[in-house]
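Structure at a glance
This is what each chain is made of:
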Amino acid sequence: MAVLACPLDLRALERVGDAWRCADGHSYDVSRDGYVNLLPPGKSSRLKSGDDVDSIHARRRFLDAGNYATLARRLGALSRELSNGTGATVDVGCGEGYYTSSLSGAEVVGLDLSRSGIRLAARRYKSATFAVANALALPLVTDAVNQLVSVFAPVVPDEFARVCRAEAHVVIAVPAARHLAAVRALLYETPQLHDEVVPLVDDDRFALAHLEQVVGEIEIADRDMLRDLITMTPYRFAVPPDAIERALTAPTPFTTPIGFAVAVLRRVSATLDPDGESIG
Ligand SMILES: C[S@@+](CC[C@H](N)C(=O)[O-])C[C@H]1O[C@@H](n2cnc3c(N)ncnc32)[C@H](O)[C@@H]1O
Ligand SMILES: [Zn+2]
């Protein structure tokens, strides 16, 4: 069953040769690197563009070093268990595809607003389909997704509810309270704990099925790794440049706790009001 949709009219897209086409004749070419741009034509330049090339390359180096491998393994296992190899699994805000590559489903799709991220993802991970797309207006067929995944990425409740079929699962990972505490101690005078708020838990279109913590400790090996970590996170913009430079003089190696809150939510079946209208 088709899951990608035309960004203009949300009709299902079908792959025809080197393009994706909708029944209304709109066509989206697959690039040389193997991804497709599903931003509405003409609107791309007015949109925020997602993570930039520096941030994407820093994240790829940091993840390739295995720093968050425990999270990738756990998400992979959950995905296998939840999908049983069937249905469409979509990673929204997939970045350069690190976690997407461990997900399961009959079809696995990664979407991100960052063209740099999608390009890197499509070049490396050939078993998934990657598209440049906006989470605020997902180019996905209504009721077509079996498993929706968001790792440190935007969650848009109405769009998530629209694209999930009844009983679909949404897997969300957010930073746990002490995630990167030792790094934040270098960057802030009074570092705060992460609030661990998981999106959608108060949304009655979804029911929390499972919540767990994935915790561990990693070694920040050297100054280059610390620089990559800062470059791939919001600290890069939230912390003044002189404070970042000071942090980069910290002695390495050092260890820091890492932690992720991982939630699984189930799309609750739409209920019918007395007139037979769907109110779910
Ligand atoms: C912190 S990164 C996480 C990337 C990836 N999930 C990972 O953990 O490696 C957040 C991602 O969300 C993407 N993003 C931000 N706004 C977006 C939007 N409106 N639609 C789609 N992706 C978006 C960014 O480009 C970036 O790749
Ligand atoms: Zn169309």
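Position numbers for residues start from 1 in each chain and track the written sequence from start to end. Here the convention is simple: chains get letters from A, ligands get numbers from 1, in the order in which they are written. The model is predicted, so local features are restricted to residues of pLDDT at least 70 and side-chain atom pairs to those at 80 or more, both for listing and for counting; the totals for chains, interfaces and linings are taken over all residues. Working from all heavy atoms in the structure, the side-chain values ignore hydrogens and water.

1. Observations concerning a nonpolar patch on the surface
Note the cut-off: Patch definition: residues above 30% relative accessible area lacking any salt bridge, with like charges linked at up to 9 Å and the nonpolar side chains Val, Leu, Ile, Met, Phe, Trp and Tyr linked at up to 5 Å. Only the protein chains shown count as cover for residues, and all accessible areas are computed by the Shrake-Rupley method using a 1.4 Å probe. In what follows, salt bridge is the name for a side-chain nitrogen of Lys or Arg lying within 4 Å of a carboxyl oxygen of Asp or Glu. Only DSSP runs of H or I covering at least 4 residues are called helices, and only runs of E covering at least 2 are called strands; the numbering of each starts at the N terminus.
Side chains of Val201, Leu208 and Leu211 sit close together on the surface and give an oily, nonpolar patch of about 250 Å² of accessible area. You can see Val201 is positioned in the loop between helix 5 (181-187) and strand 10 (206-220).

2. Overview of the coordination of the zinc ion (ligand 2)
As a reminder of what qualifies: Listed donors are limited to N, O and S atoms within 2.8 Å of the metal, widened to 3.2 Å for Na, K and Ca; water is not among them, so incomplete-looking sites are possible. All geometry calls rest on donor angles, where a four-donor set with angles between 85 and 135 degrees is tetrahedral, four- and six-donor sets with opposite donors more than 155 degrees apart and all others between 65 and 115 are square planar and octahedral, and all else is irregular. Relative accessible area decides the class of each residue, using a 1.4 Å probe on protein chains only: under 20% of the type maximum gives buried, over 50% gives exposed, and in between gives partly exposed.
Of the protein atoms, only Cys6 (SG), Asp9 (OD), Cys22 (SG) and His26 (ND1) coordinate the zinc ion (ligand 2), at distances of 2.1 to 2.3 Å. Viewed at the metal, the four donor atoms of the zinc ion (ligand 2) are separated by angles of 93 to 124°, and the geometry they form is tetrahedral. Taking the relative accessible area as the measure of exposure, Asp9 reaches 27% and is therefore partly exposed. Exposure remark for Cys22: the relative accessible area of 8% places this residue in the buried category.

3. What about the packing of aromatic side chains?
We apply this condition: Each aromatic pair joins two rings of Phe, Tyr and Trp (for Trp, the six-membered one) with centres within 6.5 Å, and gets the label stacked for planes under 30 degrees apart, edge-to-face for over 60, and tilted for any other angle. Charges are assigned to positions over rings by a cutoff of 6 Å between ring centre and Lys NZ or Arg CZ, combined with an angular limit of 35 degrees from the ring normal.
A complete count under the given rule lists five aromatic pairs for this structure. An angle of 85° between the planes, with centres 5.8 Å apart, marks the rings of Phe152 and Phe260 as edge-to-face. One end of the pair, Phe152, is in the loop between strand 8 (145-151) and helix 4 (157-163); the other, Phe260, is in strand 11 (residues 254-267), with 108 residues separating them in the sequence. Judged by its relative accessible area of 0%, Phe260 falls in the buried class. A network of ring pairs unites the aromatic residues Phe62, Tyr68, Phe152 and Phe260 as a single cluster. The ring centre of Phe206 lies 5.8 Å from the NZ or CZ of Arg267, which sits over that ring.

4. Observations concerning the sheet that holds strand 10
Put simply, the rule reads: For two strands to be treated as a pair, DSSP must find no fewer than two bridges joining them. Between two residues, a contact is recorded if the distance between any of their heavy atoms is within 4.5 Å. To obtain each axis, a line is fitted to C-alpha atoms, and for helices this fit is confined to the stretch in contact; angles are then taken between N-to-C directions over 0 to 180 degrees.
Reading across the sheet, the eight strands line up as 4-7-6-5-8-9-11-10 and stay open at both edges, with mixed pairing between neighbours. Strand pairing shows two members of the sheet lacking a second neighbour, strand 4 (36-37) and strand 10, which therefore form its edges. Relative to strand 11, helix 2 (residues 69-83) is tilted by about 15°, and along the sheet it contacts strand 5 (88-92), strand 8, strand 9 (164-175), strand 10 and strand 11.

5. Describing helix 3 (residues 115-124)
Among the residues making up helix 3, those that are buried are Ser116, Gly117, Ile118, Leu120, Ala121 and Ala122. Elements that come into contact with the buried residues of helix 3 comprise helix 1 (53-64), strand 6 (107-112) and strand 7 (129-132).

6. Comments concerning the layout of surface pockets
For the record, the criterion: For each structure, a 1 Å grid was placed over the protein atoms alone; sets of points admitting a 1.4 Å probe that cannot get out are labelled cavities, open sets with protein on both sides within 12 Å along at least five of seven lines are labelled pockets, and lining residues have an atom within 4 Å of a point. Grid points are joined across faces, edges and corners, and a volume is the space filled by probe spheres set on the points.
There is about 1100 Å³ of room inside the largest pocket. In terms of lining residues, the largest pocket is bounded by 45 residues, among which Asp51, Arg59, Phe152, Ala153 and Pro154 are the most central. The set of elements that each furnish at least two residues to the lining of the largest pocket consists of helix 1, strand 5, strand 6, helix 6 (223-231) and helix 7 (235-238).

7. Examining unusual backbone geometry
Omega for the peptide link from Thr252 to Pro253 comes to -5°, which places this bond in the cis form. Mapped onto the elements of the fold, Pro253 is located in the loop between helix 8 (241-247) and strand 11. Located in the positive-phi region is Leu10, a residue other than glycine, with phi close to 60°. For Leu10, the position within the fold is in the segment before strand 1 (14-16). Not every positive phi belongs to a glycine, and Leu200 is a case in point at roughly 80°. Turning to its location among the elements, Leu200 is positioned in the loop between helix 5 and strand 10.

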